[in-house]
Each structure stands twice: as C-alpha cells, then as structure tokens.
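Take a look at the letters that make up each chain.
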Amino acid sequence: MTVPIRLWMRHETRPTECRAPIVPAHARQLVADGFAVTVEESLQRVFASTEYAAAGCRVVEPGSWIDAPADTYVIGLKELPGEPAALRHRHVFFGHAYKGQPGSGELLRRFAAGGGTLLDLEYLTDEHGRRITAFGFWAGYVGAALAVLHYRGRLDRPLRPLSKPELDEMLARPSAAAPASLVLGALGRAGRGALAALAVAGIDRPTAWDVEETRVLDLAALLDHEIMVNTVFTGEPVTPFLTASDLDRTRRRLAVICDVTCDVGSACNVLPVYSSTTSWLEPARLLHPGPPRLDIIAIDNLPSLLPREASATFSADLLPQLRTLGEPGPPWRRCEQLFRSAREAAPDDLASVD
C-alpha cells in the first residue's frame, strides 16, 4: 500500500501571527487527494481548528510536530521555536536564512545537527526566479494603509487583525490630508498592493518607482514626498536608497516611511536607517526628530493584520506546489539545492552570519 504524504501544519509561536499557510478549503482538497494532513490547535489562527477537522484533518496539540514521523513535511510561516536544537524533519516556511539575517547561522546549524531540510518559501520560485507563493500584495496593501493612517493621526494602538472592509472603511474616511506618496518597487506584488491601498485612501496620483527609477535614484525627489512605502526585495547588496546622513537634509519633507520588506540586519537592506523592526504594540517609531519629524513603520508580518484574505491568496498559490511533493518538481528541487549549499558551508562561515 502506498504511504500517504504527511503534511503537518504547525501552530505559530509568534502571538501576532494569525495567518495559515493552508486554509480549510484547500486542506479538504489535499485530504481528498490522499494526503495525510495534521493541523495543530491554535487559538490565534483566523481559522478555527473545527474547520480543519470538518475538512478531514487530524487535529493535535500545539508543538507536537517535534514527535511527528521523520518523513513528515512540517508546514509553517514564521520562525520556529528555539527547541529542539536538532531539526530532523523537512520544514516548509519562511526561514530568512541565506542573507545573513540575525539568527540565520543558528538555524542552519540546527538543521545540520538533526539532518533535516529547510524548504524556504522565500525561494520557492519559477524558472525566472519569481516567487510562486507570496504574501506580497497584502503586505504592500497593509503597509501603505498603516503609513497613511499614521500620517493622518488615525492609527490605533495596539494593532489588531482586521477584515479588508474594516480597513478600507478606516482608509476612506474623509480627510484633508492627501500626502505626496511614493511607492518603491511599484510593479511588484507588494508595490501593486500599496498602490491599491493608496487609491482607497483617496491618494490618486502617487509616485510609482520601479527598477528604472531606482537604478540611479533621485534622492532629492524621494525626500520631497511625505510618505514612502518601500517594497523592493533584493537578493544581493545594492547601493542603499536612503542612509542615516540623508535624514538630516534641511529640504526633507519625508515624514513617514513604511518598510514592507523589513530586511533589517541583512547586507541586502536597501534602507539601513534603522536597526530593529517595529511591532503591533508600537507600530511606528521615531527615526529622526526633524523638523519635520520622521517615523518608521517596519512590521515583519504585515499580512497577518488581514489574516483571512492573505491566507486565502497564499494557500491558493501553495496548493498546486504541495500536490507535487510526491515527486518534487523544479521549484522544490531549487529550494533543496539552495539549502544544501548553505548547510554545507564551513562552520566559520555559518557562525559569521549571526
């Protein structure tokens, strides 16, 4: 008898992570296809465990993936808990392990110790290097929305998960403030999401820059905007778009930056003007006292603020890829090869990325 492919969706340990990589409707389809789907209980997840049970999934205690059969694919989104020290399963999640991010060396050591595999969703790409599964549109949408609400003095604290109609109602409230707004990476998923949110907010003619405009960036023009939303993702170091010394310029109008990419701590960070992300509790932080005052919003799980919409989009993209795990296609093979190359780096190299 053929052994079914085992998928195990883990509980997210981050308290503000409300999304799911697999929604109940798609879990039902996987079960119908013969997959053995296990889902951990999670009170914070936007979808109730009863929905997964009704879809034919086995529901288990949070954190029990540690004892799952060795051939299990453990599916998640954000960071793993600190234990166990040795990771023996095949893990599918956003590992942030290959660009020198804080903690990346330790994560790779844990996989090396346990013989497990990281299939990093950030690098699940097509033959042209484009991401197959991403939360980008909703990250850009929420990021731009938060920037506008903060600029208008309407950003509630702490943040809480919303539906899109709720967020749109907040954005569309009448306001005299129509700030000059700039989106970097405007042609990508996240850039398109940011432009869509600005349109709901009544900002009809934002500046939209992409590769051509950022190749040789006009710094004065950038600083002449009141809101900037950065959605640019790069896998290699480039000339920063903005540095700390640029913030002292007397002609600066820039008052709010939302860094959707949140590549803080990486050599690939295009906005090395801050050293740590912000949070749902304090979404905006002072970056420069001015005048004018400049605040930064840098939340690294923005789509979790629209968890139902973001999960549904992401899960729809991931579903056909999960169906190929029996005979992994090129996207999964690329993920595994990238992991093998990183894991086989010398120990000194692994230590240096922390």
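This is a predicted model, so every value here is computed, not measured.

A. Geometry of the layout of surface pockets. Of the voids in this model, the second largest pocket is the one considered here, and its volume is about 170 Å³. Sorting the residues of the lining of the second largest pocket by element identifies α4 (136-151) and α5 (164-171) as the ones contributing at least two each. For the lining of the second largest pocket, the leading source of residues is α4, giving 3 residues. For the lining of the second largest pocket, the residue count by class is 10 nonpolar, no polar and 2 charged.

B. Inspection of the sheet that holds strand β10 (residues 256-259) at higher detail. Taken together, the 6 strands give an open sheet; going across it, the order is β8-β7-β9-β10-β12-β11, and neighbouring strands pair in mixed fashion. Every interior strand has two partners, whereas the edge strands, β8 (207-209) and β11 (284-288), have only one. Direction aside, neighbouring strands of the sheet carry axes that sit 20° apart on average. The pairing of β11 with strand β12 (residues 294-297) spans 4 bridges and is antiparallel.

C. View of the sheet that holds strand β4 (residues 73-75). Taken together, 6 strands build an open sheet; the order of strands is β3-β2-β1-β4-β5-β6 and the sheet is parallel. What marks the edges here is a single partner per strand, and that holds for β3 (58-60) and β6 (117-120). Ignoring strand direction, the axes of neighbouring strands in this sheet form an average angle of 25°. Bridge count for strand β5 (residues 90-93) against β6 is 4 bridges, and the pairing is parallel. Counted as the bridge partner of F93 is D120 from β6. In this fold helix α10 (residues 330-343) packs onto β5 and β6, with an angle of close to 125° to the strand it touches most, β6.

Thresholds, definitions, all that
Residues numbered from 1 in each chain as written. Predicted model: local features only at pLDDT ≥ 70, side-chain atom pairs only at ≥ 80, totals over all residues. Heavy atoms only, no water. 1 Å grid on protein atoms, 1.4 Å probe; cavity = no way out; pocket = protein on both sides within 12 Å on 5 of 7 lines; lining within 4 Å. Points joined across faces, edges and corners; volume = space filled by probe spheres on them. Helix = DSSP H or I, 4+ residues; strand = E, 2+ residues; numbered from the N terminus. Nonpolar A, V, L, I, M, F, W, Y, C, P; charged D, E, K, R; others polar. Pairing = 2+ DSSP bridges. Axes fitted to C-alpha atoms, helices over the stretch in contact; angles between N-to-C directions. Contact = heavy atoms within 4.5 Å.

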